[in-house]
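Listed here are the chains, written in short residue letters.
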Amino acid sequence: MDDVFSNFDLVLKAFALTIELLVVSALTSLVLGTLLAAFRVGPISVLAKAGTLYVNLVRNTPLLMIFIFVFIAMPELELNIENFFVKGCLALTVYTSAFVCEAIRSGINSVSLGQAEASRAVGFTFVQSMRHVILPQALRAVVPPLASVLIALAKNTSVAAAFGLLEATARMRYFTNNNADARPEIFITFAIGYIIIVEVLSAGAIGLERRWKVAR
Amino acid sequence: MSSVLFDNPGPRTRARHKVYSAAAAVALVLVVAGLVWLMYVNGQFAYELWEPFLTPAYIEVMLVDGLLKTLQMAFFSVIFALGLGLVLGVAKMSDHAWVRWPSWGIVEFFRAVPLLLLIIFIFFTFGTGGGIGSFWSVVLGLTLYNGAVLAEVFRAGVNAVPHGQAEAAYAIGMRKSQVMNVVLLPQAVKIMLPAIISQMVVALKDTSLGFYILAPGLTAVGKLIYTEFRNPLPTAIVVTSLYVAANLVLSLIATRVQRRLVGEQKALEAPDMAAGSAV
């Protein structure tokens, strides 16, 4: 255990990499997921079908297989990306964007049709009805499912440990290898790190929810 | 098709949509064709690379040592997780604070810790050197994680049973354990079944994490094949198809069961409070 505390900068560095993976892939998945959701709820049926296929395929594929595709199979196509961090973010984005898409879609679908009809009936233009009626309601409904997607992503960054990225899980393996007698303590230390990340995310979500809460 | 987002399109908009559809279709075809072409140029369609998946001996290995082991791992962990989830879920609803708080802590802990971290810890602490081995390490890790998730599902299911049911049971003089066992749980299980089965899909996917500790299963067989034949892309495609097929079958069963037991009602969703269920 002394080994961990005297090398605590290594622990912090590992968690910094975990958080970098989380932030970068969260941003890219939000962009890609929103785009996919737009495809799925939009009027163009070809895109809607392609979006549905992507989501169903990716959601039923283990994240580990996506990592294998990106890290081991992609170089066979000479599509090699040298940077491990970029590859890790790519795999996490491919996976998470499918879940982001579903969260956003469910948020849009939770707005009842009557709301849109009423806003059209009082003469709102498309942009007005989106801005003042539909999107504010959809955004509120999206927060809880999106938060749980992001929390899952925070935990999923650990899979990168199996592919040579020295983030928190890989670092725990390093410490438990060198200090066989203190394994439970080391495990708890790293678990607390992850719990802090998860709690910060969920506290943020609860805060947003509370702030945007409206009387219904 | 009118939706929240747009009105029924008129003739001009429909014509415009047709143009967009055609453009989108062309773009998608180009992307797929580009991928196939890349595979072709890099010789990924060579017979040697696909040979193991056409050889009966290897197919047997894939199905027996791969798919069957993966399904076994998922099966055992879901069965154990159901027991653990039931115990933790009921304990979380206990009237005694000394039962409620520890179980709340256990549930929150295992829901927030990454499964891979848990599996690595279990394997290198209890699994190696005459320990429980990699298979049971994965099963134990999955049991703890899914048990914590299912505890929430059980709690949500019991809370979804109308209050009057419990009140009526108390009114006719039942004890707490009787109310739970005779009245609440049987009704709750019916509501929870779809959520439980979709948790099985998650468990089935998560068995792949055994890759890290060389546990048996589809990913382990896949690794053996692609290190021997140097064909990671075909192997990844075949293994992924097997996972997707298994998950789709499970989801199909889930829909059937739900329709049979719950009718066309909305599926129960466990409230996500701290940790996400969408893994």
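Residues numbered from 1 in each chain as written. Chains lettered and ligands numbered in written order. Predicted model: local features only at pLDDT ≥ 70, side-chain atom pairs only at ≥ 80, totals over all residues. Heavy atoms only, no water.

In the nomenclature of an unreviewed UniProt entry, chain B is known as Amino acid ABC transporter permease of Nocardioides jiangsuensis. Quoted verbatim from the Sequence similarities (unreviewed entry) field of UniProt, the annotation for chain B is "Belongs to the binding-protein-dependent transport system permease family." Comment text from UniProt for chain B, heading Subcellular location (unreviewed entry), reads "Cell membrane". (UniProt positions renumbered as here; feature names shortened; annotations may be inferred.)

In the annotation of an unreviewed UniProt entry, chain A is listed under the name Amino acid ABC transporter permease and assigned to Nocardioides jiangsuensis. Reading the Subcellular location (unreviewed entry) entry of the UniProt record for chain A gives the comment "Cell membrane".

Right, let's talk about the overall build of chain B for a bit. Scanning chain B for helices and strands turns up 10 helices and zero strands. Sequence-ordered secondary structure for chain B, helices as α and strands as β, is α-α-α-α-α-α-α-α-α-α. The C-alpha atoms of chain B give a radius of gyration of 24 Å, which is well past the 19 Å a tight globule of 279 residues would have. Principal axes of the C-alpha set define a box for chain B whose edges measure 75 × 70 × 30 Å. Burial analysis of chain B (279 residues in total) assigns 46% to the buried set. Considering only contacts within chain B whose residues lie at least 6 apart along the sequence, 74% involve residues at least 24 apart. In the form shown here, chain B has an accessible surface area of approximately 14,000 Å², with 69% of it arising from carbon and sulfur atoms. (Helix = DSSP H or I, 4+ residues; strand = E, 2+ residues; numbered from the N terminus. Rg over C-alpha atoms; globule rule 2.2 N^0.38 Å. Buried < 20%, exposed > 50% of the residue type's maximum accessible area, 1.4 Å probe, protein only. Contact = heavy atoms within 4.5 Å. Areas by Shrake-Rupley, 256 points an atom, 1.4 Å probe, with all protein chains shown as cover.)

This part is about the packing of helix 8 (residues 168-178) of chain A against helix 9 (residues 183-212) of chain A. All names here are of chain A. Taken N-terminus to C-terminus, the directions of helix 8 and helix 9 make an angle of 165°; their axes are 10 Å apart at the nearest point. Looking at the two axes, helix 8 sits roughly antiparallel to helix 9. Of the two possible hands of crossing, helix 8 and helix 9 adopt the one that is right-handed. Where helix 8 abuts helix 9, its residues Ala168, Thr169, Arg171, Met172, Phe175 and Thr176 lie against Arg183, Ile186, Phe187, Phe190 and Tyr194. Broken down by class, the residue content of the contact of helix 8 with helix 9 amounts to seven nonpolar, two polar and two charged. (Axes fitted to C-alpha atoms, helices over the stretch in contact; angles between N-to-C directions. Parallel < 35°, antiparallel > 145°, perpendicular 65-115°, else oblique. Left-handed = near helix turned anticlockwise from the far one by under 90°. Nonpolar A, V, L, I, M, F, W, Y, C, P; charged D, E, K, R; others polar.)

This brings us to the pattern of salt bridges. Within this structure, the stated rule accounts for six salt bridges over all chains. Residues Arg40(A) and Glu102(A) are paired through a salt bridge, measuring 2.6 Å at the closest nitrogen-oxygen approach. You can see Arg40(A) sitting in helix 2 (residues 8-41) and its partner Glu102(A) sitting in helix 5 (residues 84-110), a full 62 residues away along the chain. With relative accessibility at 17%, the residue Arg40(A) sits in the buried group. A relative accessible area of 16% means that Glu102(A) is categorised as buried. For Arg155(B), the salt bridge is made with Glu152(B), and the minimal N-O distance between the two is 3.3 Å. (Salt bridge = Lys/Arg side-chain N within 4 Å of Asp/Glu carboxyl O.)

Between chain B and chain A, the contact holds 58 residues from the first and 58 residues from the second. For the pair chain B and chain A, the summed buried surface comes to about 5,200 Å²; carbon and sulfur atoms form 74% of the total. In terms of surface lost to chain A, no three residues of chain B exceed Val4(B), Leu5(B) and Leu117(B), which account for 14% of the buried area on that side. At the junction of chain B and chain A, the tally comes to zero salt bridges. Along the contact surface separating chain B from chain A lie six residue pairs in polar contact (both at pLDDT 80 or more). Counting only elements with at least two residues in the side of chain B that touches chain A, the list comes to helix 1 (11-41), helix 4 (97-112), helix 5 (115-127), helix 8 (176-206), helix 9 (218-229) and helix 10 (232-261) of chain B. (Buried area = accessible area lost by both parts, 1.4 Å probe. Polar contact = N/O pair within 3.5 Å; in protein donor to acceptor, adjacent residues only side chain to side chain.)

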